[in-house]
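In case you want the letters, here they are:
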Amino acid sequence: MKIKIPNKKYLKRAFEILNNGDINLKKNNYSYYSLNETLFTSEQIQSLMEKKGIKNRLKLSSGTSDKMAFQGFINQAKEDLEKGTYYRFYSPPKGNINARKALAYAESIKMKNVTYSSEDICMAEGVTGAISMVFEYIKNNYPLSSALVIGPTYYLYTYLANYYKIPVKEIINTKGEIPFKFDINLLKKNISKSTKLIVLVRPNNPVGEIYSEKDLKEIFKIAKEKNILILIDEIFYDLIFNKDNIFESDVIAEKYNALSNLIIVKGYSKNKNLAAFRIGYILSKNNLVINTVATISEQRQCFANAQNYTGVICLDASLSSIKKLIYKKYSLNEAVKKVKNDLNYALAINEKNESELKKLFSNYVKYEKNLKGYYEKTYDEALSILKNDIEIILDKTVAFNTFIKIKDLENINYFDFCLNLFLTTGVESQIGPCFGLTQREWQENKNLGFWLRLSFSRETFLEGVKTFVEFKKLYLKNKSKFLKTGFNL
């Protein structure tokens, strides 16, 4: 693979766009993440790169997959649209009643003594919309409160806290041979009288940490004692490689009588590959939370977009329920019969006989297996390509992304490296400062360093990994010939 160092004229023009063009660092107060994303979407930068012959974008850290959704979901959505089953009608602010009933049914199977109802669920515009409404709830109901975010993680939580003017602190354990491991004592140390919300992602994005029953027990114990709400984002939960002996968050909360402190958000973007459908929902036994976010939803858009995909939601809930019942020792016949009977109010289930549901379930199990198999294969191939460049790799836990520490990049400006990588090759990346703390903190802390998120979900991903390896060699040998911005965000 031959990578050429860009000429001075090309780099000079890129620098002008950064400072005075449509990016304009002089006028805009960027975080590392926001500058990164603005760079990748700048029309002027894109035009410059295309003139240079760089047209293909290779994403190392993509948030979506190239893989098709399950054909059963596509067929269901198509059928519902053709029949006009849902899209001609408004739904209640919480979302279509049958969709919520089906989700509540599926969520209840795992519980021991608690049953969810449709009133415990509010549909949202994807998980992003769900999280946003929770933060708005906190601001409206507890205006003097603060939030803690367990990181490193997705930028959205601190972004929303700042947007709603909620004081926020990121809790990132940077100590130990392998950083980022959850430390309950570090969390306790940062809780104050004003703390009303603690946010964690399970499994964590990008670290992959799942949090043990012991960790969650301690978190729920603190929440109950101090009247704190725990927001758990489970957007990647169904993509865990090995879910043996992994407890559901609400199962643990039920066990320790903390369900009223728990808010779970889920969606269909990652595990179902239906990002554009914007299907998300909030699940909680806290009636005040659910009813308030429903009001917020009504004020924002009258009803959630997921109304249009009620058939898909009900079908997914039925397949999920069958799987959970089989895990509880039901036979396939028994599970299908029970779900068919219990969810018969939903058209997506009512219109299918037991034989059709069995076939759909069998095909979906194969789909999930093939999807995770593809991610795992790509994961292994990526690590093989990077084997001489990796200093630390975290546990292989979730089938979408991982976090690795790259060797030999200690004494460089991280933004400059990633900027030149993009301008030279078209490879887009997300590194540590995209997930909490500043670029300066990642560069100066010896326990941190250059951590790269790998998202093995795109067909061109491995080409991007190979390009990254070759560019790194070129850059380290020729640093003086590449663009220097000196930005340290």
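Calculation notes
Residues numbered from 1 in each chain as written. Predicted model: local features only at pLDDT ≥ 70, side-chain atom pairs only at ≥ 80, totals over all residues. Heavy atoms only, no water. Helix = DSSP H or I, 4+ residues; strand = E, 2+ residues; numbered from the N terminus. Expected span 1.5 Å × (residues − 1). Polar contact = N/O pair within 3.5 Å; in protein donor to acceptor, adjacent residues only side chain to side chain. Buried < 20%, exposed > 50% of the residue type's maximum accessible area, 1.4 Å probe, protein only. Pairing = 2+ DSSP bridges. Right-handed = clockwise from strand over helix to strand, strands pointing away. Axes fitted to C-alpha atoms, helices over the stretch in contact; angles between N-to-C directions. Contact = heavy atoms within 4.5 Å. Parallel < 35°, antiparallel > 145°, perpendicular 65-115°, else oblique. Left-handed = near helix turned anticlockwise from the far one by under 90°. Nonpolar A, V, L, I, M, F, W, Y, C, P; charged D, E, K, R; others polar. Phe/Tyr/Trp six-rings, centres within 6.5 Å; stacked < 30°, edge-to-face > 60°. Core = buried A, V, L, I, M, F, W, Y, C linked by side-chain atoms within 4.5 Å.

Here we look at helix α15 (residues 354–385)
Turning to step 1, where the next piece is worked out: The terminal C-alpha atoms of α15, which comprises 32 residues, lie 47 Å apart, in line with the 46 Å expected from a rise of 1.5 Å per residue.
Turning to step 2, where the next piece is worked out: You can read the cap of α15 off the contacts: a side-chain oxygen lies 3.1 Å from the backbone nitrogen of S355, and it is on N353.

A look at the pairing of strand β6 (residues 229–233)
Turning to step 1, where the next piece is worked out: Burial analysis of β6 places five of its five residues in the buried class, which makes it a mostly covered element.
Turning to step 2, where the next piece is worked out: Going residue by residue along β6, you find L229, L231 and D233 tucked away on one face and I230 and I232 tucked away on the opposite face as well.
Turning to step 3, where the next piece is worked out: Pairing geometry for strand β5 (residues 195–201) and β6, over five bridges, is parallel. From the neighbouring strand, L197 faces β6, where its bridge partner is L229.
Turning to step 4, where the next piece is worked out: Pairing geometry for β6 and strand β7 (residues 262–267), over four bridges, is parallel. In the strand pairing of β7, D233 is matched with V265.
Turning to step 5, where the next piece is worked out: The parallel pair β6 and β7 is bridged by helix α10 (residues 249–255), and the resulting crossover is right-handed.

Examining the sheet that holds strand β8 (residues 279–283)
Turning to step 1, where the next piece is worked out: Spatially, the seven strands line up as an open sheet ordered β2-β8-β7-β6-β5-β3-β4, and their pairing is mixed. Each edge of the open sheet carries a strand with a single partner, namely β2 (121–125) and β4 (168–171). Strand after strand, the sheet turns through a mean of 20° between neighbouring axes, direction not considered.
Turning to step 2, where the next piece is worked out: The sheet strands contacting helix α5 (residues 97–108) are β2, β7 and β8, and the helix crosses β2 at an angle near 115°.
Turning to step 3, where the next piece is worked out: Packed on one face of the sheet, helix α9 (residues 213–226) meets β5, β6 and β7 and runs near 145° to β6.

Re helix α1 (residues 8–20)
Turning to step 1, where the next piece is worked out: Taking 1.5 Å per residue, 13 residues should reach 18 Å; α1 reaches 18 Å between its end C-alpha atoms and fits that length.
Turning to step 2, where the next piece is worked out: Of all the positions in α1, only Y10, L11, A14, I17, L18 and N19 are classed as buried.
Turning to step 3, where the next piece is worked out: Each element contacted by the buried residues of α1 is listed here: α2 (32–41), α3 (43–51) and α16 (414–425).
Turning to step 4, where the next piece is worked out: One side-chain oxygen of the residue at the start of α1 lies 3.2 Å from the amide nitrogen of K9, identifying that residue as N7.

Description of the packing of α1 against α16
Turning to step 1, where the next piece is worked out: Look at α1 against α16: their axes get within 12 Å of each other, and the N-to-C directions meet at 120°. Compared by their axis directions, α1 and α16 come out oblique. Remark: the crossing between α1 and α16 carries right-handed chirality. Across from Y10, L11, A14 and L18 in α1, the residues of α16 making contact are L419, N420 and L423.
Turning to step 2, where the next piece is worked out: Considering only residue class, the contact of α1 with α16 consists of six nonpolar, one polar and no charged.

Considering the pairing of β4
Turning to step 1, where the next piece is worked out: By the bridge criterion, four bridges tie strand β3 (residues 146–150) to β4 in an arrangement that is parallel. Note that in β4 the partner of A147 across the bridge is V168.
Turning to step 2, where the next piece is worked out: Handedness of the crossover joining β3 and β4 through helix α7 (residues 156–163) is recorded here as right-handed.

Some thoughts on the environment of D183
Turning to step 1, where the next piece is worked out: With respect to the helices, strands and loops of the structure, D183 is situated in the loop between β4 and α8 (184–190).
Turning to step 2, where the next piece is worked out: Using a relative accessible area of 29% as the deciding quantity, one classes D183 as partly exposed.
Turning to step 3, where the next piece is worked out: For the pair D183 and I150, spaced 33 residues apart in sequence, the C-alpha to C-alpha distance is 9.7 Å.

Side note on the packing of aromatic side chains
Turning to step 1, where the next piece is worked out: Per the stated rule, a full pass over the model turns up 36 aromatic pairs.
Turning to step 2, where the next piece is worked out: Residues Y32 and F415 carry aromatic rings whose centres are separated by 6.0 Å and whose planes lie at 85° to one another, so their mutual orientation is edge-to-face. Of this pair, Y32 sits in helix α2 while F415 sits in helix α16, and the two are 383 residues apart along the sequence.
Turning to step 3, where the next piece is worked out: Its relative accessible area of 3% is what places Y32 among the buried residues.
Turning to step 4, where the next piece is worked out: Here F415 falls in the buried class, since its relative accessible area comes to 1%.

Here we look at the sheet that holds strand β9 (residues 390–393)
Turning to step 1, where the next piece is worked out: With respect to topology, three strands assemble into an open sheet ordered β9-β10-β12, the strand pairing being antiparallel. Since the sheet does not close on itself, it has two edges, and those belong to β9 and β12 (451–455), each with one partner. Recorded for the sheet is a direction-independent mean angle of 35° between the axes of neighbouring strands.
Turning to step 2, where the next piece is worked out: Strand direction decides the pairing type here: strand β10 (residues 401–406) and β12, joined by five bridges, are antiparallel. In the strand pairing of β12, F403 is matched with R453.

With respect to the side chain of K272
Turning to step 1, where the next piece is worked out: Tracing the backbone through its elements, the reader meets K272 in the loop between β7 and β8.
Turning to step 2, where the next piece is worked out: Of the residues examined, K272 reaches a relative accessible area of 6% and is grouped as buried.
Turning to step 3, where the next piece is worked out: At 2.7 Å, the side chain of K272 and the side chain of D316 are in polar contact.
Turning to step 4, where the next piece is worked out: The contact partners of K272, leaving out residues within four places of it in the chain, are A69, F73, D238, D316, Y364 and Y367.

Points about the nonpolar core
Turning to step 1, where the next piece is worked out: Grouped together as the largest cluster of nonpolar side chains are 173 residues, with contacts concentrated most on F135 and F450.
Turning to step 2, where the next piece is worked out: With 11 residues, α15 is the largest single contributor of residues to this core.
Turning to step 3, where the next piece is worked out: Not counting residues within four places of it along the chain, the set of residues in contact with F135 comprises Y157, L160, A161, Y164, I166, L197, V199 and L231.

With respect to the side chain of T153
Turning to step 1, where the next piece is worked out: With respect to the element layout, T153 can be found in the loop between β3 and α7.
Turning to step 2, where the next piece is worked out: Only 3.1 Å separates the side chain of T153 from the backbone oxygen of N205, close enough to count as a polar contact.
Turning to step 3, where the next piece is worked out: Setting aside residues no more than four positions away along its own chain, T153 makes contact with V201, N204, N205, P206, C434, F435 and G436.

Description of the environment of S65
Turning to step 1, where the next piece is worked out: One can find S65 in the loop between β1 (58–59) and α4 (71–83).
Turning to step 2, where the next piece is worked out: Using a relative accessible area of 15% as the deciding quantity, one classes S65 as buried.
Turning to step 3, where the next piece is worked out: On a C-alpha basis, the gap between S65 and G464 in space is 15 Å, while along the polypeptide they are 399 residues apart.
Turning to step 4, where the next piece is worked out: For S65, the contacting residues outside a window of four places in its chain are N273, Y375, F400, S457 and R458.
Turning to step 5, where the next piece is worked out: At a separation of 2.9 Å, a polar atom in the side chain of S65 contacts the main-chain amide nitrogen of K67.
Turning to step 6, where the next piece is worked out: At 2.8 Å, the side chain of S65 and the side chain of Y375 are in polar contact.

Note that every value here comes from positions in space, so none of it alone points to a role or purpose.
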